[in-house]
Amino acid sequence: MDGVDDDERNKLQRTLNVHIVPHTHDDVGWLKTVDQYFYGLNNTIQQAHVSLILDNVLSELQNPYTTHNRTFTYVEMKFFSKWYLNLPSAQKEALKGLIKKEQFSFANGGWCMHDEA
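Think of each chain on its own: its residues are numbered from 1, step by step along the sequence as written. With pLDDT at 70 or above as the cut-off, local features in this predicted model cover only qualifying residues; side-chain atom pairs require 80 or more to be listed or tallied, and sums for whole chains, interfaces and linings still use all residues. As a rule here, side-chain values come from all non-hydrogen atoms in the structure, and water together with hydrogens is ignored.

Draft legend 1. Just helix α3 (residues 50-62), in detail. With 13 residues, α3 ought to run about 18 Å at 1.5 Å a step, and its terminal C-alpha atoms sit 19 Å apart, in line with that. Of all the residues in α3, the buried ones are Val50, Ser51, Leu54, Val57, Leu58 and Leu61. For α3, the buried positions fall inside an angular range of 130 degrees around the axis, keeping them on one side. Residue contacts follow a heavy-atom distance rule, with two residues in contact if any of their heavy atoms lie within 4.5 Å. Only DSSP runs of H or I with at least four residues qualify as helices, and only runs of E with at least two residues qualify as strands; both kinds are numbered from the N terminus onward. Lining the buried residues of α3 we find α2 (34-39), β1 (72-74), α4 (77-85), α5 (89-100) and β2 (104-106). By this rule the span expected of a helix is its residue count minus one, scaled by 1.5 Å. When accessible area is computed with a 1.4 Å probe and restricted to protein chains, residues below 20% of their type maximum are described as buried, those above 50% as exposed, and intermediate ones as partly exposed. Each C-beta atom gives one direction from the helix axis, and the arc is the one those directions make.

Draft legend 2. Inspection of the pattern of salt bridges at higher detail. Here a salt bridge means any side-chain nitrogen of Lys or Arg lying within 4 Å of a carboxyl oxygen belonging to Asp or Glu. Inspection of every chain in the model, using the stated rule, returns 3 salt bridges. With a closest N to O distance of 3.4 Å, arginine 70 and glutamate 60 form a salt bridge. Taken as a pair, arginine 70 in the loop between α3 and β1 and glutamate 60 in helix α3 lie far apart in primary sequence, 10 residues in all. Measuring nitrogen to oxygen at the nearest pair gives 3.3 Å for the salt bridge that ties lysine 96 to glutamate 93. Of the two residues, lysine 96 and glutamate 93 are both situated in helix α5; the distance of 3 residues between them amounts to about one turn of the helix.

Draft legend 3. Examining a nonpolar patch on the surface more closely. Patches draw on residues past 30% relative accessible area with no salt bridge. Two like charges within 9 Å are joined, as are two nonpolar side chains (Val, Leu, Ile, Met, Phe, Trp, Tyr) within 5 Å. Accessible areas in this description were obtained via Shrake-Rupley with a 1.4 Å probe; residue shielding takes into account the shown protein chains only. On the surface, a nonpolar cluster with roughly 380 Å² of combined accessible area is contributed by Leu16, Val18 and Ile20. Here isoleucine 20 shows up in the loop between α1 (6-13) and α2.

Draft legend 4. Geometry of the packing of aromatic side chains. Note on aromatic pairs: the rings of Phe, Tyr and Trp (six-membered ring only in Trp) are paired at centre separations within 6.5 Å, and the planes decide the class, stacked below 30 degrees, edge-to-face beyond 60, tilted for the rest. Per the stated rule, a full pass over the model turns up 11 aromatic pairs. For the pair tyrosine 37 and phenylalanine 79, a centre-to-centre distance of 6.5 Å together with 65 degrees between the ring planes defines the contact as edge-to-face. Here tyrosine 37 is found in helix α2, whereas its partner phenylalanine 79 is found in helix α4, with 42 residues between them in sequence. Of the two residues, tyrosine 37 and phenylalanine 79, both sit in the buried class. With a centroid separation of 4.9 Å and 80 degrees between ring planes, the pair formed by phenylalanine 80 and phenylalanine 106 is classed as edge-to-face. Of this pair, phenylalanine 80 sits in helix α4 while phenylalanine 106 is found in strand β2, placing the two residues 26 residues apart along the sequence. For phenylalanine 80, a relative accessible area of 8% corresponds to the buried category. The exposure class of phenylalanine 106 is partly exposed, given its relative accessible area of 35%. Through pairs of rings, three or more aromatic residues link up here, namely Phe72, Tyr74, Phe80, Trp83, Tyr84, Phe104 and Phe106. Two conditions define a charge located above a ring, namely a distance within 6 Å from the ring centre to NZ of Lys or CZ of Arg, and an angle within 35 degrees of the ring normal. Geometry around phenylalanine 38 places lysine 82 over its ring, the cationic atom sitting 5.5 Å from the centre. Positioned above the aromatic ring of tyrosine 84 is the side chain of lysine 92, whose terminal nitrogen or guanidinium carbon lies 4.9 Å from the ring centre.

In C-alpha cells form, the structure reads like this:
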C-alpha cells in the first residue's frame, strides 16, 4: 500500500466488511400447507400470502417511478416455481429482464430455506 501511513494501514487491517443479503424465508409447509402459504389461506394460523409477495415485487421492480437500484433476492424455489409456471408470457419476459439486470436474484437454490441461514 504505497502512500499509506502506518496509522491508516492499521485502520484498514482492522476493517470488517459485512455483506447483508436481505432475502425471503417463506416456510414451505411449516405451520400450513404449501397451498395455504402460497394462496394466503387459513390465516388463523399465520398471515402469509406468498404469491402476492412475488406479484408485488415483480410490479415494483418494473415501476418506472421507483428507484431502479432496488433489488430482491428470493430463496424458496418451491414457491417460485409454482408462481413462475402460472405467469403470463409478458411477465416471464419482464422477470427475465430483471434477472439480467441483477435486480431479481436467487439465493440458496433449494426447494426451501433451511433454518440455519
